[in-house]
Amino acid sequence: MEQDSARDAVKAKGLEIFRLMGSETPALFDKGWWAGRMMERVMRDPSLKVPLFRFVDVLPALNDSRQIARHAREYLSDGALPLPWFVNFLPTAYVVKKAVTGISRTFIAGETPRSALKCLRRLWDEGRPFSVDILGEAVVSEAEAERYRDLYLILADTLSKEVSGWPPLDPRLDPSFPRLHLSVKVSSLYSRIGPANHEDSVREVRRRLLPILAKAREAGGFVNLDMETYSLKEITLDVLTETLDDPGFHDWENAGVALQAYLKCAERDLRRLIGWAKEKNRRITVRLVKGAYWEYETIVARQKGWEIPVFPRKSHTDANFERCVEIALENHEHVTLAVGSHNVRSIAKALTTAERLKVPRDRYEFQMLYGMGEPIKRALMKMGFRVREYAPIGELLPGMAYLVRRLLENASNEGFLQRAFLGNIPPEELLAAPESHVEAPRDREAEGLKPFSNEPVADFTIRETRTAFRNALAEAENRMRESYPAVIGGKEYRQGEPIVSVDPARPREVVGTACGITPELADHAVRTAREAQKGWSQRSHGDRAAVLFRAASVARRRRGELAAWQVREVGKSWLEADADVAEAIDYLEYYGREMIRLGKAARLGDCPGEENLYLYRPRGVGLVIAPWNFPLAISVGMASAALVTGNAVLYKPSSLSPVNGWLAFSLLREGGAPDGALNFIPGKGDAVGDRLVGHPEVDFVLFTGSRAVGLRIVEKAGRTGPGQKSVKRAVVEMGGKNAILIDADADLDQAIPAVLSSAFGYQGQKCSACSRVIVHAECYDRFLARLCEAVKGLTVGSPEDPANGIGPVIDAAAKERILASIELGRREGKVAAEIPVPGEGYYVSPTVLTDLPPDSKILREEIFGPVLAVIRAGDIDEAVDLANSSDYALTGGLFSRSPATIRRVGETFEVGNLYINRGITGAMVGRQPFGGFRMSGVGSKAGGPDYLLQFMEPRVITENTMRRGFSPDVLP
Ligand code: NAD
């Protein structure tokens, strides 16, 4: 609790600020202006926020009046928002765009460094220094990152020449606060920045940052690193400290970083920086802000199942801000503090703390965003404090993300500005001490089974997670070349043909050898399974589900090991390998729960004197044939579904991933799957597979793989041989020729990374991968140019190094087949982008093909490699027709910001899984049940509520409950 005297001091200081603010209102809340009225309306009815901000977001991408009018109607048709009055009379592109441009000018100093000079000079003349930032985040290519760096160099040049001639502001403070002040976002300096490749990200960002720092230093300027999303925080901090440790900068003190008080770890990070500065005996600047990505952080963490890194309430953030201000001011010998807040209470608290600690005036300043909280700035200046404006420069289009963040902030119901200037809340209330966050005691393990939730993927922002992954890879290295037996009825067999598995990145290295089964062993396996199935099917469904839950625990324990073997055997990147293990765990947890749900007999009808029970029995013996591309998840998913429903399973892994197959088998065995009910039968597909698919005692086949093999299995399973007692069922999941459609109004900043990862993630070897992108003619050239630039920034190499985005394809045959397709594309059309690849290993360049003839084989057949065809379409309906012209119907995607188009394409685009405004791979169990139709497969979706039903037969038992005229349900 705040001491009475401290509370009174803060209140007095706050009231003084309010008094100096007078009745001035920030421009955005000025109800005399339509924007102010609109903000007020949005605040009163928060449901208007989403359509309005979405409209603002799409606006810069719209080029003509027709499009703008259509989007305005789709988002704002009900007239709930007071658009400027003239819009109703002149519904032209010009007018609407002008209105929004007007708001954006409130927050942006100018479109170019030169054009911003006028505004900056005005600020300076009013006594306000500034920090300049170039708008634009998330660069999609290295060329864009280079451009961004160059822009900063130009900015530094332009500004330093100009500002050096401006008159001094305050001779006492000026020497401590350089007038050339730049703010830089690290995400804009490296297109492949990410937590998994932490070291690589730090190195590459530093490489581009150093010339900017050198130039700033030469000009006597200052550079601050902005803080963006939590995932980039560690990278940003390491970039700063490592750069300042550099011999060229070890005596330079004009650098700093922003810390966000909404992060639970803010205090720890602040102490880390203070510790660093103390140890090196130097000074660093910390800009303490509340944080602008609260919604984003909350959503992302919840989607991934991670602990939410931000405080749940605004007041908790405010309290943390105050705590961090105090810590920074206590350490003013080493820290210069920039107080970045528009909240009068936070500012008053900082002022009283600085007074109490007798912090000299040149050790702290205030920083506020250009266009926000003007009355507060003016009040502070009247009190003699230095207020720096954070002034972004940039074009409207890349600036939209910034504008939407500002509008959200201004419209936040918990936000100070909104409460102070629109909410009519009295100053005394606004100056009350914020409530601290108290960590709720952890729930004791809830009784019983928790509802299903997806297993969180690894959080590589955590250093220990990265180290653990590296250790697991080293561990796998020590266990290469082992041999794995077939296991039938719990007995190991090693007499069959060896199946040698090699590392596709280093084909001379053997990963392991599995012992294939012979035809006699295949028959023996069927007999063994049939025998074991009787006992297994009689176990309760809860018991069978428990096997899956235990297997999930085993997988969690062995998580690093399971992922590491995928890197070595099938060439997956760290992220892809880890995601596959998480998906395997999801299947186990989900199907276990599904069996418990389905295992309860249902009562049907309500007819007196009669009881109808609806229940399921297992089909018998199932043959599970898995592919190599999701060697754990798909194997575990199919085998566990067949098992938990009471069937015995013959599991055949792909010959290209037998070691991962062994791991899938061993998980289920360790979880308690009985000998004989689960059998491991490696073997060549055409030999073992064919024999078993046609075996009369196999009741169903569960297959995921190519169309050719899938159709052969359907055909073979459809033939009834002598001695066969049941009609064989084949559930086959096959390939895709998936397309992403790009509408004229698409957000290309979002679409290009999504297309890249969908097309080239895991080298395009996913059934859901994007192999065609069909682009609206209006944005085709822009899209293609940026996409090709982005491809040129990819790196191909061993997946053991997380800096490599693209690894090898699975084997020599695949490489040859993919290269042949690329050559065909080169002959029939154009290769628009390709990059060099290493000599050793099965590497193929990610390749973009264009101008292919409509009947090209490349546009119809699955290539299963990193090859993407870009196609031009006149409009989005034509794009849908082109997409639907394939035989396959697996996944598809659409990037559009028109609600009407999204609805229409949802109805007409024929695919099993359609994704809007995101990538098209990475379906999550339970959330996006996965599977296609047409030539993509027959069967219900994996990871969905109908899946298990395919491995059971429904039965009905009807009992006449009436005896001599009475029945338990009709008693007198
Ligand atoms: P593949 O068809 O070559 O092999 C799949 C499995 O079938 C392997 O275990 C293989 O040994 C076995 N097999 C081969 N010939 C057989 C035969 N005659 N009888 C019985 N079994 C036989 O496929 P793949 O290369 O392992 O996997 C890639 C393919 O899988 C792609 O087409 C991809 O689209 C598809 N896939 C589909 C999904 C989906 O859910 N729809 C998921 C992953 C992969």
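Refer to the structure presented above.
Residues numbered from 1 in each chain as written. Predicted model: local features only at pLDDT ≥ 70, side-chain atom pairs only at ≥ 80, totals over all residues. Heavy atoms only, no water.

Draft legend 1. Spatial organisation of the overall build of the protein chain. Check the secondary structure of the protein chain and you find 32 helices and 31 strands. Computed over the C-alpha atoms, the radius of gyration of the protein chain is 32 Å, within 12% of the 30 Å expected from 2.2 N^0.38 for a compact globule of 972 residues. In terms of principal-axis extent, the alpha carbons of the protein chain reach across some 100 × 85 × 65 Å. Counted over contacts in the protein chain with a minimum sequence separation of 6, partners at least 24 positions apart contribute 77%. Total accessible area on the protein chain stands at roughly 39,000 Å², and carbon and sulfur atoms take up 53% of it. Counting 129 positive and 128 negative side-chain charges, the protein chain places the averaged centre of each group 1 Å from the other. (Helix = DSSP H or I, 4+ residues; strand = E, 2+ residues; numbered from the N terminus. Rg over C-alpha atoms; globule rule 2.2 N^0.38 Å. Contact = heavy atoms within 4.5 Å. Areas by Shrake-Rupley, 256 points an atom, 1.4 Å probe, with all protein chains shown as cover. Lys, Arg positive; Asp, Glu negative; His and termini not counted. Charge placed at Lys NZ, Arg CZ, Asp CG, Glu CD.)

Draft legend 2. Representation of the site of the ligand within the structure. Close contacts around the ligand come from 27 residues, with Ala626, Lys652, Ser706, Met734 and Glu862 the closest. Between a nitrogen atom of the ligand and a side-chain N or O atom of Arg712, the distance comes to 3.5 Å. Within the backbone of Met734, one N or O atom sits 2.7 Å away from a nitrogen atom of the ligand. Expressed as a share of its isolated accessible area of 840 Å², the protein-covered part of the ligand is 88%. If you map the ligand onto the pockets, it falls in the second largest pocket. (Near = heavy atom within 4 Å. Polar contact = N/O pair within 3.5 Å; in protein donor to acceptor, adjacent residues only side chain to side chain. 1 Å grid on protein atoms, 1.4 Å probe; cavity = no way out; pocket = protein on both sides within 12 Å on 5 of 7 lines; lining within 4 Å. Sits in = over half its atoms within 2 Å of the grid points.)

Draft legend 3. Representation of the state of the cysteines in the model. Applying the stated rule across the entire model yields zero disulfides. The closest cysteine sulfur to the non-disulfide-bonded Cys324 is located on Cys265, 9.8 Å from its own sulfur. Residue Cys324 is classed as buried on the basis of its relative accessible area, which comes to 0%. (Disulfide = S-S within 2.5 Å. Buried < 20%, exposed > 50% of the residue type's maximum accessible area, 1.4 Å probe, protein only.)

Draft legend 4. Local environment of empty space enclosed by the protein. Summed over all chains, the structure comprises four cavities of 30 Å³ or more. The computed volume of the second largest cavity comes to approximately 60 Å³. Lining the second largest cavity are 14 residues, and of these Lys737, Arg772, Ala883, Tyr888 and Val911 lie nearest its centre. Going through the elements one at a time, strand 21 (738–742), helix 31 (876–884) and strand 26 (888–889) are the ones with two or more residues in the lining of the second largest cavity. For the lining of the second largest cavity, the residue count by class is seven nonpolar, four polar and three charged. (Points joined across faces, edges and corners; volume = space filled by probe spheres on them. Nonpolar A, V, L, I, M, F, W, Y, C, P; charged D, E, K, R; others polar.)

Draft legend 5. A look at the pattern of salt bridges. Scanning the entire structure with this criterion turns up 77 salt bridges. Several salt bridges converge on common partners, so that one network encompasses Lys233, Glu234, Asp238, Asp269, Arg272 and Arg463. (Salt bridge = Lys/Arg side-chain N within 4 Å of Asp/Glu carboxyl O.)

Draft legend 6. How the structure looks around the environment of Leu48. One can find Leu48 in the loop between helix 2 (34–44) and helix 3 (49–58). Take Leu48: its relative accessible area is 9%, and that puts it in the buried class. In sequence terms Leu48 and Asp811 are 763 residues apart; their C-alpha atoms lie 54 Å from each other.

Draft legend 7. Layout of the packing of helix 1 (residues 4–21) against helix 14 (residues 344–356). Two elements in contact, helix 1 and helix 14, have axes separated by 8 Å at closest approach and are oriented at 125°. One finds that helix 1 runs oblique with respect to helix 14. The element helix 1 and its partner helix 14 pack so that their crossing is right-handed. Side by side, helix 1 and helix 14 meet where Ala9, Val10, Lys13, Gly14, Ile17, Phe18 and Met21 of the first sit next to Val344, Arg345, Ile347, Ala348, Lys349, Leu351, Thr352 and Glu355 of the second. Residue classes in the contact of helix 1 with helix 14 are distributed as nine nonpolar, two polar and four charged. (Axes fitted to C-alpha atoms, helices over the stretch in contact; angles between N-to-C directions. Parallel < 35°, antiparallel > 145°, perpendicular 65-115°, else oblique. Left-handed = near helix turned anticlockwise from the far one by under 90°.)

Draft legend 8. Structural detail: the sheet that holds strand 14 (residues 602–604). The three strands are arranged 14-15-31 in an open sheet whose pairing can be described as antiparallel. Only two strands of the sheet have a single partner each, and these edge strands are strand 14 and strand 31 (952–960). Between one strand axis and the next, the sheet turns through 30° on average, direction left out of account. Taken together, the three bridges between strand 14 and strand 15 (residues 610–618) define a ladder with antiparallel strand orientation. Its bridge partner being in strand 15, Ala602 is matched across the sheet by Tyr614. (Pairing = 2+ DSSP bridges.)

Draft legend 9. Spotlight on the pairing of strand 3 (residues 222–225). Residues of strand 3 alternate between two faces, with Phe222 and Asn224 on one and Val223 and Leu225 on the opposite face, all of them buried. Pairing geometry for strand 2 (residues 181–184) and strand 3, over four bridges, is parallel. Bridged to Ser183 within strand 3 is Asn224. Crossover connection from strand 2 via helix 9 (residues 198–218) to parallel strand 3: handedness right-handed. As judged from the three bridges shared by strand 3 and strand 4 (residues 255–260), these two strands associate in the parallel manner. Bridging from a neighbouring strand, Asn224 pairs with Gly256 of strand 4. The parallel pair strand 3 and strand 4, bridged by helix 10 (residues 233–245), forms a crossover whose chirality is right-handed. (Right-handed = clockwise from strand over helix to strand, strands pointing away.)

These figures capture arrangement, not role.
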